[in-house]
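Analysis of the macromolecular model
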Amino acid sequence: MSSSNLSLSSDQVEEMQRHVEDCYPEEGCGILGGFADRVAWVIPITNILHSSTRFQMDPREQIDAFFKIEDAGGKLIGIYHSHPNGPEFPSESDVRESAFPEAVHIIWHHLDEEWNYQAYRIDPVVGFVAVGISLHRP
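Quick look at the structure, then. Just so it is clear, the structure is predicted and the values come from calculations on it, not from any experiment.

Our next topic: the pairing of strand 4 (residues 75-83). Most of strand 4 is tucked away: 8 of the 9 residues are buried. Between the parallel pair strand 4 and strand 5 (residues 104-111), the chain is carried across by helix 3 (residues 92-97), and the sense of this crossover is right-handed.

Below you can see the structure in the form of structure tokens.
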């Protein structure tokens, strides 16, 4: 992704939020596919660790998501997951275990009874850098 912004629709934001709410108090996770910097698909994936502090995507679901995106001519744009108890930025393990440097990571966090999100680009050398999010019409 060459842009410093990620483009999502409000429906896609709501879909991710519903998923992380449904997974609470465990971390929820999923894949974002699309074109350039514009998300076309939000694909929830099962967190096989069922943990409130870590996630690992179900390998079969992850491969199916990659095939869905590739078959439609898209590419992996991002990964989202939740931090039910914070922090609102990528954790040390998120940075250390990041396997897709091209992907933007959206971190959902639960503060004061509300879910909030922020996007980051993860770099194992510098850690992470915030990425802007713009909302587009579906």
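This part is about the side chain of E27. With respect to the helices and strands, the residue E27 is situated in the loop between helix 1 (10-23) and strand 2 (29-35). Despite its burial, E27 pairs with no opposite charge; the closest candidate is R54, at 6.9 Å N-O. For E27, the side chain forms a polar contact with the main-chain nitrogen of R54, separated by 3.3 Å.

Right, let's get into unusual backbone geometry. Each neighbour pair has its own omega, and for Y24 with P25 the value is 15°, a cis peptide bond. Residue position: P25 is located in the loop between helix 1 and strand 2. Here G86 and P87 are connected by a cis peptide whose omega angle stands at 0°. Note that P87 resides in the loop between strand 4 and helix 3.

Looking now at the pattern of salt bridges. By the definition in use, this model includes 2 salt bridges. We note a salt bridge from R54 to E97, for which the minimum N-O separation is 2.4 Å. Of the two residues, R54 sits in the loop between strand 3 (38-45) and helix 2 (59-71) while E97 sits in helix 3, which places them 43 residues apart along the sequence. A relative accessible area of 41% places E97 in the partly exposed class. Of the charged contacts in the structure, one is a salt bridge between R60 and D64, with a shortest N-O distance of 3.0 Å. Of this pair, R60 and D64 both sit in helix 2, 4 residues apart, which is roughly one turn of the helix. In this structure R60 comes out as partly exposed when scored by relative accessible area, which is 48%. A relative accessible area of 40% means that D64 is categorised as partly exposed.

Within the secondary structure, H50 sits in the loop between strand 3 and helix 2. Spatially, the C-alpha atom of H50 lies 9.2 Å from that of P25, the residues being 25 residues apart in sequence. There is a polar contact of 3.1 Å between the side chain of H50 and the side chain of E26.

A few words now on the side chain of H136. With respect to the element layout, H136 can be found in strand 7 (residues 127-136). Residue classification places H136 among the buried residues on the basis of a relative accessible area of 14%. Side chain to side chain, H136 and S7 meet in a polar contact 2.6 Å long. In this view, H136 contacts S7, L8, S9, S10, Q12, R38 and V39; residues no more than four positions away in its chain are not counted.

Criteria and thresholds
- Position labels on residues start from 1 in each chain and follow its written sequence.
- Note on the predicted model: pLDDT of at least 70 is required for a residue's local features to be given, and 80 or more for side-chain atom pairs to be given and counted; whole-chain, interface and lining totals, by contrast, use all residues.
- Each side-chain value is derived from all of the structure's non-hydrogen atoms; neither hydrogens nor water enter the calculation.
- Each residue is assigned to one of three classes by its accessible area relative to the maximum for its type, calculated with a 1.4 Å probe on protein chains only: buried under 20%, partly exposed between the two thresholds, exposed over 50%.
- Starting at the N terminus, helices and strands are each numbered in turn, a helix being any DSSP run of H or I of at least four residues and a strand any DSSP run of E of at least two.
- Orient the strands so they point away from the viewer, and a crossover whose first-strand-to-second-strand path over the helix runs clockwise is right-handed.
- For this count, His and the chain ends are skipped, Lys and Arg are scored as positive, and Asp and Glu as negative.
- For salt bridges, the criterion is a side-chain nitrogen of Lys or Arg within 4 Å of an Asp or Glu carboxyl oxygen.
- As used in this structure description, the phrase polar contact means that two N or O atoms lie within 3.5 Å; if the pair is within protein, one of them must be able to donate a hydrogen and the other to accept it, and residues adjacent in sequence are counted only when both atoms belong to side chains.
- Residue contacts follow a heavy-atom distance rule, with two residues in contact if any of their heavy atoms lie within 4.5 Å.

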